[in-house]
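Summary of the model geometry
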Amino acid sequence: MQQKLILAIDQGTSGTKTVLFDENGKLTVKATVELASSYPKPGFVEQDPEEIYQTVIESVRQCVVQYKQQGGDLNNITACGISNQRETYLLWDETGKPLHNAVVWQCKRSVEICNRLKAQDVETEITARTGLIIDPYFSGTKVMWLNENNDNVKSAIDTGKAFGGTVDSWLLYKLTQGKSYYTDYTNASRTLFFNINELKWDTEMLKLFGVEKLNLPEPKPSAFSYGESDFEGVFETPIPITGMIGDSHAAAFGEGCFTPGDAKVTLGTGSSILMNTGSKRVESQNGMVATICWSTADRTDYALEGIIVTAGASINWLKNQLGLFADSSETEAMATALDDNEGVYLVPAFSGLGAPHWQMDARAVISGLTFGSDKRHIVRAALESIPYQIKDVITAMEADAGIALKELMADGGITKNKFVMQFIADLLHVNVNNIGIADISAMGAALMAGLGSGMYKDLNDLEQLKYDHVVYQCQDNPDVMDDYKGWQSAVSFLKRED
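Values in this document were obtained by computation on a predicted structure and should not be read as measured data.

One recurring pattern in soluble globular proteins: nonpolar side chains tend to sit buried together. Ranked by internal contacts, the top residues of the largest apolar core, which has 58 residues, are I390 and L408. When residues of this core are assigned to their parent elements, the largest contribution, 13 residues, is made by helix α12 (residues 375-401).

A few words on the sheet that holds strand β16 (residues 271-278). Taken in spatial order, the 7 strands line up as β17-β18-β16-β15-β21-β22-β23 in an open sheet, and their pairing is mixed. A strand with exactly one partner marks an edge of an open sheet, and here the two such strands are β17 (289-296) and β23 (470-472). With direction set aside, neighbouring strand axes in the sheet form an average angle of 30°. By the bridge criterion, 3 bridges tie strand β22 (residues 431-434) to β23 in an arrangement that is antiparallel. Paired with V432 across the bridge in β23 is Y472. Packed on one face of the sheet, helix α9 (residues 247-254) meets β15 (263-267), β16, β17, β18 (299-308) and β21 (407-411) and runs near 60° to β17.

The next point concerns unusual backbone geometry. Leaving glycine aside, a negative phi is the common case for residues, and trans is the common case for peptide bonds. Residue P356 follows A355 across a cis peptide bond; omega there is -5°. For P356, the location among the structural elements is in the loop between β19 (345-347) and β20 (365-367). Its identity is not glycine, yet D121 carries a phi of approximately 60°, on the positive side. Mapped onto the fold, D121 is located in the loop between α2 (111-119) and α3 (123-130). By relative accessible area, which is 67% here, D121 ends up exposed. Even without being a glycine, L192 presents a positive backbone phi close to 75°. Here L192 lies in the loop between α7 (185-188) and β10 (194-195). In this structure L192 comes out as buried when scored by relative accessible area, which is 1%.

As a further point, take α9. Among the 8 residues in α9, 7 count as buried, and that is most of the element. Taken as a whole, α9 has its buried residues at S248, H249, A250, A251, A252, F253 and G254. Two residues or fewer after α9 comes G256, characterised by a positive phi angle close to 80°.

Burial of helix α13 (residues 418-428) is extensive: 10 of the 11 residues sit out of reach of the surface. Looking only at α13, the buried set comprises F419, V420, M421, Q422, F423, I424, A425, D426, L427 and L428. Among the residues of α13, the N-terminal cap falls to N417, whose side-chain oxygen and the backbone nitrogen of F419 are separated by 3.1 Å. Taken from the residues just after α13, H429 is the one with a positive phi, measuring 60°.

One pass over the structure, following the stated rule, counts 0 disulfides. With no disulfide of its own, C80 lies 11 Å from the sulfur of C63, the closest cysteine sulfur. Cysteine C293 is unpaired, with the sulfur of C257 as its nearest cysteine sulfur at 6.3 Å.

On to the pattern of salt bridges, then. Applying the stated criterion across every chain yields a total of 19 salt bridges. With its nearest N and O atoms 3.2 Å apart, the salt bridge here joins E50 to K174. With a gap of 124 residues between them, E50 in helix α1 (residues 49-69) and K174 in helix α6 (residues 167-175) connect regions that are remote in the sequence. Overall, the relative accessible area of 28% leaves E50 in the partly exposed class. Using a relative accessible area of 21% as the deciding quantity, one classes K174 as partly exposed.

Where α2 meets helix α4 (residues 139-149), the axes come as close as 9 Å, and the angle between the chain directions of the two elements is 105°. Taken together, the axes of α2 and α4 lie roughly perpendicular to each other. The residues of α4 that touch α2, namely those facing I113, C114, R116 and L117, are T141, M144, W145 and E148. Considered class by class, the residues forming the contact of α2 with α4 number 5 nonpolar, 1 polar and 2 charged.

If you walk across this open sheet you meet the 6 strands as β3-β2-β1-β5-β14-β13, and the pairing is mixed. Only two strands of the sheet have a single neighbouring strand rather than two, namely β3 (27-34) and β13 (223-229). The sheet shows a mean angle of 25° between the axes of neighbouring strands, taken without regard to direction. Sheet topology note: the strand β1 (residues 5-11)/strand β2 (residues 15-22) ladder contains 7 bridges and is antiparallel. Bridged to I6 within β2 is F21. Against the sheet, helix α14 (residues 440-453) touches β1, β2, β5 (77-84), β13 and β14 (239-246), its axis set at about 130° to β5.

Calculation criteria
Residues numbered from 1 in each chain as written. Predicted model: local features only at pLDDT ≥ 70, side-chain atom pairs only at ≥ 80, totals over all residues. Heavy atoms only, no water. Core = buried A, V, L, I, M, F, W, Y, C linked by side-chain atoms within 4.5 Å. Buried < 20%, exposed > 50% of the residue type's maximum accessible area, 1.4 Å probe, protein only. Helix = DSSP H or I, 4+ residues; strand = E, 2+ residues; numbered from the N terminus. Pairing = 2+ DSSP bridges. Axes fitted to C-alpha atoms, helices over the stretch in contact; angles between N-to-C directions. Contact = heavy atoms within 4.5 Å. Polar contact = N/O pair within 3.5 Å; in protein donor to acceptor, adjacent residues only side chain to side chain. Disulfide = S-S within 2.5 Å. Salt bridge = Lys/Arg side-chain N within 4 Å of Asp/Glu carboxyl O. Parallel < 35°, antiparallel > 145°, perpendicular 65-115°, else oblique. Nonpolar A, V, L, I, M, F, W, Y, C, P; charged D, E, K, R; others polar.

Written as structure tokens, this is what we have:
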């Protein structure tokens, strides 16, 4: 008898992956379709809503074709889970027609709106209700900008004919032909419209942002019966959609961050660090944001999140702009060729500094260069900047939550770099655990859908799943903390200059 399968869709910024996982959490088939972004003005980032949807349909179609070619039976696919890029926001009318391109999470168009809101001295109230800070990163100021600058959008909002949502809501609405209009708590918690204390849309926040007449999806736990879809005829029988969750939260769930103090870091272009803080929200005093970690029908876990703006992006800059190496895989050997980095630091504030500093106008610097320095020192400094930034965030989280980190789960492309992974372990003085699954957000969505469909009874079932972990054990490295003090001095100098 063949195992039951879960269809996991991971709709990301650069493309959409569709993955089939079996009951044991093992990947069966995967298909990926790329997604383009457009940049109509400096700092503006948009995507075509219909293209976002079509990448989902096409990736599902390709995945199913592969599965059938392997002799698979589509009747074995019993549920679907969706993870998605989070703060990207879409608006559409009652017919499902987009009112504007999707405004992507990377978009900086609302900087001036953020400055205006900060001048109104409302950030304390916003943080108390939503857990977030005023920043262009989050959805609310993007919607406010559209409402103030696009007559079509403003008219639709004012007349109550505008429907809004993050990518999960848009996909669900399209996949169910308008029958289901929901979001999950994790995605809702990224909008600046959602009261994370009461788990509902906040009318005061909607008034503050001037969009109180905007139609919003009904918030639900991440594991929930959201509807069903045949994915434009890919399936003869509609598949139940029983899980939706933001991609970073999906990664935390997939990596087993089920108890307070469990934390994960995603090492990609930027980095998101989530620490589970349990059933109660922790209010940060150290530059973190509070958010929903994940939720089921009978449980909601909160988290602290630290957002690192630049991680792998600095490695790409060294390759593409400076030509210091041909492939990022070369960087590990370049770094380990040096006994130490001789006081060279790269503070990668190419787009500002994120948590816990939040110096968004800062600019990158390289310090400590001598005539003896060469490209290896700069490459190593870029690699070391990733663990240093993680240390900054984890230290702030531990202070906020009053919880000492026991182990750090890690995912993302940079986990292939053994130098970085070992440096993180030594600097944090905890083991760093890579679960060994590249598509961890898809995995988290699959596990959530499995809970929502009843395939798994509870978290205990998920804890029984076996993976090929790679663990980097912390080593006694007395020099690493002295090196970290040098990093702190470099950051302090940058902030003084700013």
